[in-house]
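Okay, here's what each chain looks like letter by letter:
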Amino acid sequence: MIERTRPRAVSAICETWRAQGRRIAFVPTMGALHAGHLSLVRRARRDADRVVTSIFVNPLQFGPREDFARYPRALARDRALLRAHGVDLLFRPAVGDIYPAGDATRVQVTGLDQPLCGRSRPGHFTGVATVVLKLLEIVRPHVLWLGQKDAQQAAIVERMVRDLRLGVRVRRAPIVRDRDGLALSSRNAYLSPAERAQALGLWRGLQAARAAVRRRTRSAAVLRRVVKAVWRSHPGLRPDYMEVVDPRTLEPAAAIRGRVLIAVAGYVGRTRLIDNLLVAPPAARRRRGAA
Ligand code: PAF
């Protein structure tokens, strides 16, 4: 595995690969890798000749009271994992490589950045869109792999790629869960065993909502009550939101007619966690051939 810190070096290597007709897949990360990231790498590996991964804890997407300083960093382990998973090039820029002195340009995907996490994390998605655009410009991959766990982030990046005609195919990989159902996240490392038990309320709420849809509940307001009832039995979980939205536009859906995204977020102690589930009424699932 080649490892580079300088954008120019990464662009040169990728340019050579493109000139050789190699198809490049890109998996951007902030490190502290888990099986969710590795599933992205595995999918990228299957769908391209060269896999590029970045590790960059992007300061621009953290609010002043968020966990930038304590965000888990595990470079030696990450490097070994990426090597073992056949990554060809690891890009590990310094902050000054991405945001050189005088850097002033920001990318805002208006509208999509407002609901869900946008309400409690103002500026977060501008940070994400800005860094992803910069990374895409450096790597210029054919395919970009993102995780469904960050569904709002994926919707925002997809819209940016479409609006700016970036010419990269964006693909989403399903959420990877631990055996108990907790969605994998680098932030799970912050949780004590007791906190983890409370965090599971997020997934249990989603499961209860799915079961309600299968029992023919079609009202988002009823689903909200179902989820909140589950959350009440997890008093250590401080809910941020539970929303039923269109998966692409993130606009609220009052009724479950087609496929909707049920998105949840909450705090356990100081740790903020998110999760989501795509659900559809049985008829819509049959039409789409969904499981
Ligand atoms: O999902 C993440 O890890 C980050 O938001 C990303 C896409 C690497 C941008 O910093």
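This is a predicted model, so every value here is computed, not measured.

When you look at the overall build of the protein in this model, what are you seeing that I'm missing?
Looking only at helices and strands, the protein has ten helices and nine strands in total. In summary, the protein has a C-alpha radius of gyration of 19 Å against a globular reference of 19 Å for 291 residues, a match within 12%. Each principal axis of the C-alpha atoms in the protein carries an extent, and together these give about 55 × 40 × 40 Å. Looking at the protein as a whole, 52% of its 291 residues qualify as buried. Look at the contacts in the protein between residues 6 or more apart in sequence, and 72% of them connect residues 24 or more apart. Looking at the protein, you have 54 positive and 23 negative side-chain charges, and the mean spots of the two groups are 6 Å apart.

Looking at this model, I keep getting lost on helix α3 (residues 75-84). Mind explaining?
Because each turn of an α-helix spans 3.6 residues, side chains separated by three or four positions in sequence point in the same direction. Among the residues making up α3, those that are buried are Asp78, Leu81 and Leu82. Along α3, the residues classed as buried sweep out an arc of 95° about the axis, all on the same side. In α3, the exposed positions angled more than 90 degrees off the buried face are occupied by Ala76 and Ala84. Where α3 is buried, its residues contact α2 (35-46), β3 (50-55) and β4 (89-91). Remark: Gly86 follows α3 within two positions and exhibits a positive phi of approximately 80°.

Which parts of the structure should I look at to understand the sheet that holds strand β7 (residues 237-245)?
Two modes of strand pairing occur in sheets, parallel and antiparallel, and in both the strands are linked by backbone hydrogen bonds. With antiparallel pairing, the three strands of this open sheet are ordered in space as β7-β8-β9. Looking along the sheet, the strands with just one partner apiece sit at the ends: β7 and β9 (271-279). The sheet shows a mean angle of 15° between the axes of neighbouring strands, taken without regard to direction. Taken together, the nine bridges between strand β8 (residues 260-268) and β9 define a ladder with antiparallel strand orientation. Bridging from a neighbouring strand, Ala263 pairs with Asn276 of β9. Lying on the sheet, helix α9 (residues 220-232) is in contact with β7 and β8; it crosses β7 at an angle near 160°.

Would you mind showing me how to read the pattern of salt bridges here?
Side-chain pairs of opposite charge can arise where the charged atoms are in close proximity. Here the structure, examined in full by the defined rule, presents 20 salt bridges. One salt bridge in this structure joins Arg79 and Glu3, with 2.7 Å as the shortest N-O distance. One end of the pair, Arg79, is in helix α3; the other, Glu3, is in strand β1 (residues 2-4), and 76 residues separate them in sequence. Taking the relative accessible area as the measure of exposure, Glu3 reaches 23% and is therefore partly exposed. Ionic pairing is found between Asp180 and Arg196, a salt bridge with its closest N-O pair at 2.8 Å. Pair noted here: Asp180 is in the loop between β6 (169-173) and α8 (193-214) and Arg196 is in helix α8, with a separation of 16 residues, a long-range link. One salt-bridge network, held together by shared partners, links Glu3, Arg79 and Arg92.

Can you help me understand the packing of aromatic side chains in this one?
Aromatic ring pairs are described here by two measures, namely the spacing of the ring centres and the angle between the planes. Enumeration over the complete set of coordinates arrives at three aromatic pairs. Between Phe56 and Tyr99, the ring centres sit 6.3 Å apart and the planes meet at 45°, which makes this aromatic pair tilted. Residue Phe56 is found in the loop between β3 and α3, and its partner Tyr99 is found in the loop between α4 (95-98) and α5 (117-120); the two are separated by 43 residues along the sequence. Phe56 sits in the buried class, given a relative accessible area of 5%.

Quick question: what am I supposed to make of unusual backbone geometry here?
When glycine is set aside, most residues are seen to have a negative phi, and most peptide bonds are trans. Positive phi, normally seen in glycine, also occurs at Arg165, with a value near 50°. Locating Arg165 in the fold gives a position in the loop between α7 (151-163) and β6. Phi is positive for Leu250, which is not a glycine, with a value near 60°.

Just to check I follow, could you spell out empty space enclosed by the protein for this structure?
In this approach the atoms are scanned with a rolling probe the size of a water molecule, which exposes any empty space left behind. Inspection of every chain in the model, using the stated rule, returns one cavity of 30 Å³ or more. Estimates place the volume of the largest cavity at around 60 Å³. What lines the largest cavity is simply Lys149, Leu182, Ala183, Ser185, Asn188, Ala199, Leu202, Trp203, Leu273, Ile274 and Asp275. Of all the secondary structure elements, the ones that give two or more residues to the lining of the largest cavity are α8 and β9.

The rules behind the values
- Residues numbered from 1 in each chain as written.
- Predicted model: local features only at pLDDT ≥ 70, side-chain atom pairs only at ≥ 80, totals over all residues.
- Heavy atoms only, no water.
- Helix = DSSP H or I, 4+ residues; strand = E, 2+ residues; numbered from the N terminus.
- Rg over C-alpha atoms; globule rule 2.2 N^0.38 Å.
- Buried < 20%, exposed > 50% of the residue type's maximum accessible area, 1.4 Å probe, protein only.
- Contact = heavy atoms within 4.5 Å.
- Lys, Arg positive; Asp, Glu negative; His and termini not counted.
- Charge placed at Lys NZ, Arg CZ, Asp CG, Glu CD.
- Arc of directions from axis to C-beta.
- Pairing = 2+ DSSP bridges.
- Axes fitted to C-alpha atoms, helices over the stretch in contact; angles between N-to-C directions.
- Salt bridge = Lys/Arg side-chain N within 4 Å of Asp/Glu carboxyl O.
- Phe/Tyr/Trp six-rings, centres within 6.5 Å; stacked < 30°, edge-to-face > 60°.
- 1 Å grid on protein atoms, 1.4 Å probe; cavity = no way out; pocket = protein on both sides within 12 Å on 5 of 7 lines; lining within 4 Å.
- Points joined across faces, edges and corners; volume = space filled by probe spheres on them.

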